[in-house]
Amino acid sequence: MFGKGWGFPDMKIGLIFPPQWCPTHPYLSNPSLAAFLIENGFEVNQKDLNIEFYSYVLRPEFLQERAQIITQRFKELDTAEYLPPELQTEYMNLFDVLSDHQIVCSQISKALLEMRIGDFYNFKSLKKNLWLLERALKLVSLSYEKTEITLTSFSSQYSEYSLSDIQNAISGEQEDLMKSVLPALLQPWLDTFTPTLLGISVTGVSQIIPAMIAGDWIKQKYPNIHIVVGGSIITRWASDYNQLAPLFHKCFDSLIVFEGERPLAMLARALENNESFKTVPNLIYSEDNSISVNSVEKPL
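Calculation notes
- Residues numbered from 1 in each chain as written.
- Predicted model: local features only at pLDDT ≥ 70, side-chain atom pairs only at ≥ 80, totals over all residues.
- Heavy atoms only, no water.
- Helix = DSSP H or I, 4+ residues; strand = E, 2+ residues; numbered from the N terminus.
- Buried < 20%, exposed > 50% of the residue type's maximum accessible area, 1.4 Å probe, protein only.
- Areas by Shrake-Rupley, 256 points an atom, 1.4 Å probe, with all protein chains shown as cover.
- Lys, Arg positive; Asp, Glu negative; His and termini not counted.
- Charge placed at Lys NZ, Arg CZ, Asp CG, Glu CD.
- Polar contact = N/O pair within 3.5 Å; in protein donor to acceptor, adjacent residues only side chain to side chain.
- Contact = heavy atoms within 4.5 Å.
- Phe/Tyr/Trp six-rings, centres within 6.5 Å; stacked < 30°, edge-to-face > 60°.
- Lys NZ or Arg CZ within 6 Å of the ring centre and 35° of its normal.
- Pairing = 2+ DSSP bridges.
- 1 Å grid on protein atoms, 1.4 Å probe; cavity = no way out; pocket = protein on both sides within 12 Å on 5 of 7 lines; lining within 4 Å.
- Points joined across faces, edges and corners; volume = space filled by probe spheres on them.

## Overview of the overall build of the protein
Alright, step 1. Across its full length, the protein carries 11 helices and 10 strands.
Alright, step 2. Dimensions of the protein, computed from the C-alpha atoms along their principal axes, are close to 65 × 45 × 35 Å.
Alright, step 3. Expressed as a percentage of its 300 residues, the buried residues of the protein come to 48%.
Alright, step 4. Of the roughly 15,100 Å² of accessible surface on the protein, 53% is carried by carbon and sulfur atoms.
Alright, step 5. Each charge class in the protein can be summarised by its mean position, and for the 24 positive and 35 negative side chains these summaries are 4 Å apart.

## Brief notes about the side chain of K219
Alright, step 1. Among the secondary structure elements, K219 is positioned in helix α9 (residues 208-221).
Alright, step 2. Taking the relative accessible area as the measure of exposure, K219 reaches 12% and is therefore buried.
Alright, step 3. Among the polar contacts made by the side chain of K219, one reaches the side chain of D253 at a distance of 2.8 Å.
Alright, step 4. Sequence-distant contacts of K219, that is, excluding residues within four places in its chain, are made with I225, I227, H249, K250, C251 and D253.

## Digging into the packing of aromatic side chains
Alright, step 1. Within the structure shown, the criterion is met by 11 aromatic pairs.
Alright, step 2. Judged by centre distance (5.9 Å) and plane angle (75°), the rings of F17 and W21 are edge-to-face.
Alright, step 3. Since its relative accessible area comes to 27%, W21 is described here as partly exposed.
Alright, step 4. The interplanar angle of 65° and the centroid separation of 6.0 Å between the aromatic rings of W21 and Y27 together place this pair among those described as edge-to-face.
Alright, step 5. On the basis of relative accessibility, which here comes to 19%, the residue Y27 falls in the buried class.
Alright, step 6. R59 extends its terminal NZ or CZ atom over the ring of Y56, reaching a point 4.2 Å from the ring centre.
Alright, step 7. Here R66 stacks its cationic end above the ring of Y144, 3.9 Å away from the centre of that ring.

## What about the environment of T147?
Alright, step 1. Within the fold, T147 resides in the loop between α6 (123-142) and β4 (148-149).
Alright, step 2. Spatially, the C-alpha atom of T147 lies 44 Å from that of N273, the residues being 126 residues apart in sequence.
Alright, step 3. One polar contact links the side chain of T147 to the main-chain carbonyl oxygen of E145, over a distance of 2.9 Å.

## Some thoughts on the pairing of strand β10 (residues 290-293)
Alright, step 1. In the sheet, strand β9 (residues 283-287) pairs with β10 via four bridges, with the strands oriented antiparallel. Residue pairing for β10: I284 is matched across the bridge by V293.
Alright, step 2. Taking the residues that link successive antiparallel strands as the turn, the β9-β10 hairpin has two residues, and the phi of D288 there is positive, at about 55°.

## Digging into the layout of surface pockets
A water-sized probe, rolled over the atoms, reveals where empty space remains.
Alright, step 1. Reported here for the largest pocket is a volume of approximately 370 Å³.
Alright, step 2. For the largest pocket, the lining is made up of 22 residues, of which L33, S201, G231, F258 and G260 are closest to its centre.
Alright, step 3. Residue assignment for the lining of the largest pocket shows that the elements contributing at least two residues are β2 (12-16), α1 (29-39), β6 (197-201), β7 (226-230), α10 (232-237) and α11 (261-272).
Alright, step 4. For the lining of the largest pocket, the leading source of residues is α1, giving four residues.

Okay, structure coming up:
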């Protein structure tokens, strides 16, 4: 969604809301932030990466592709002479999801359409459609190692509370749900609208690793984009900012804590005019191989 500014024609700002967040509850802070920036003369483009993520993984084509992977794994286990307890559990889960995957793949598009524009208050229809969504997401989850994605949660083999796990999630070579889907959603958007400044909002713990994966991929492909990360989780997370040093310039260039409207506008102007960041409130950034923390303006 584009918003045209009038005062800073060379400054383009992108705003991303990453997975995972409940797709039935849109996050309203980014539209509010965009309205403030547009009012102050900036061109802004928002991307709800979370809802696009769910739309992408719930496509019949994607589900069929993941079902093939599950089928192959099931065949491997099915022909084994002996399965230890943990593999027995996996075998049963695979058997369960394959038992109705063809129904799920054939009906998921209709279910999504009905939930978006159909008779949402028809309880019988809603119950069936929610079941289809849950089964589809279980199929997706089982096709990736130690991954679980639902309408309300996301977990993987990596912990959001461990810096080393976050780094491993970014650099890992194995197939990963977020690493395979996010670039496919980001590339067309960034090729069409390449911002000077890109803000990523993180308001839930489950968004930390997807946000860092997205940031790392963007920094590799579009190194000139300044990435700033903010949101309530970042305000808490950044209290121990020194441990985040390995992520600066790899996943992001700066952090904004507490309120972001005025700091983000000031950061954009500093970038456009090639000025120092020292006067931008609520900003944490890396400079001369050290981390600088500016004065904080807390909400009233």
